[in-house]
Amino acid sequence: MTERYKILYEGGTGELVEKKSRFIATTRPVESEEEAVAFIEEMKKKYWDARHNCSAYVIGERGQIQRCSDDGEPSQTAGRPMLDVLLGEEIRNICVVVTRYFGGTLLGTGGLVRAYSGAVQEGLKNSIVVEKFLGSRMQITTDYNGIGKIQYVAAQMGLTTLDTQYTDQVVVTLMVPAPMKGAFVTQITEKTNGKAVIEDTGSLYYGTIDKEVILFE
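So, here is what we can say about the structure in this document.

Rules of the game
Residues numbered from 1 in each chain as written. Predicted model: local features only at pLDDT ≥ 70, side-chain atom pairs only at ≥ 80, totals over all residues. Heavy atoms only, no water. Pairing = 2+ DSSP bridges. Helix = DSSP H or I, 4+ residues; strand = E, 2+ residues; numbered from the N terminus. Axes fitted to C-alpha atoms, helices over the stretch in contact; angles between N-to-C directions. Contact = heavy atoms within 4.5 Å. Buried < 20%, exposed > 50% of the residue type's maximum accessible area, 1.4 Å probe, protein only. Arc of directions from axis to C-beta. Salt bridge = Lys/Arg side-chain N within 4 Å of Asp/Glu carboxyl O.

**Here's the deal with the sheet that holds strand E4 (residues 52-59)**
Taken in spatial order, the five strands make up an open sheet running E2-E3-E7-E4-E5, and their pairing is antiparallel. In this open sheet, the two strands that pair with only one neighbour each are strand E2 (13-18) and strand E5 (65-69). Across the sheet, the mean angle from the axis of one strand to that of its neighbour is 15°, orientation sign disregarded. Pairing of E4 with E5, which is carried by five bridges, proceeds in the antiparallel orientation. Along E5, the bridge assignment pairs Val-58 with Gln-66. Its contacts with the sheet place helix H1 (residues 33-46) against strand E3 (21-29), E4, E5 and strand E7 (94-101), and it is angled at close to 160° to E4. Sheet strands touched by helix H3 (residues 108-125): E2, E3, E4 and E7. Its angle to E2, the strand with the most contacts, is close to 150°.

**Let's talk about helix H4 (residues 147-157)**
Looking at H4, one finds that the buried residues are Ile-147, Ile-150, Val-153, Ala-154 and Met-157. Taken end-on, H4 shows its buried residues confined to a sector of 125°, consistent with a single buried face. Of the exposed residues in H4, the ones pointing more than 90 degrees away from its buried face are Ala-155 and Gln-156. Among the structural elements, strand E8 (128-142), strand E10 (170-177) and helix H5 (181-191) are those in contact with the buried residues of H4.

**A few points about the pairing of strand E12 (residues 212-216)**
Looking along a regular strand, one sees the side chains alternate between the two faces of the sheet. Examined bridge by bridge, strand E11 (residues 197-209) and E12 share five bridges and lie antiparallel to one another. Along E12, the bridge assignment pairs Tyr-205 with Phe-216. Hairpin connection of E11 to E12: two residues between the antiparallel strands, including Asp-210 at a positive phi of 50°.

**Structural notes on the pattern of salt bridges**
This model, assessed by the stated rule, comprises eleven salt bridges. Residue Glu-15 is joined to Arg-22 by a salt bridge in which the shortest nitrogen-to-oxygen separation is 2.8 Å. Of the residues examined, Arg-22 reaches a relative accessible area of 34% and is grouped as partly exposed. The residue Lys-125 makes a salt bridge to Glu-122 at a minimum N-O spacing of 3.0 Å. Pair noted here: Lys-125 and Glu-122 are both in helix H3, with a separation of three residues, about one helical turn. The class of Lys-125 is exposed, set by a relative accessible area of 61%. A relative accessible area of 25% places Glu-122 in the partly exposed class.

Coordinates in, geometry out; function isn't part of it.
Here it is as structure tokens:
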């Protein structure tokens, strides 16, 4: 599994006008090629009166699936530049459609490339992109003497506390990034003199939006 990669979490729209031609970019999170194709068809129906609905998508944690379409524009002037923006930003699980309403003036090859690229960038400005990190949900059981030491280690390592339960003991659940897992276990073991029970309850991806942790179960 990839330790970290960026995805489109929430889609958006952006627009630019070039010599009276309108370029409207719409982004959508997609998990499969079928979802991407369905979204492209949805946009073509929505903007049925537009001259072109060009598209590009990247799917998979390593960007295994990549497709683009010029939808009638000169070859390599729309879909490929759009795809290049997505690849340059390293965003996965994203589909973007740029709708063009022709303004009556030909833009030329360079003008089209700039317009379609620029429209995608405008769309991304109004979208939410999240970086997913691979981590382990670590559950530590300790007595009340050990909780302060665990909280200290968590703070020093910048870890997120998911849950804390107080009974006759204290059970703390922390999200630990994959590369830090070994160091974390060592630190907890040393600080509590081996008295804390450490359990890895499973690997999963997580990210943050406005300082709020999101778990991708």
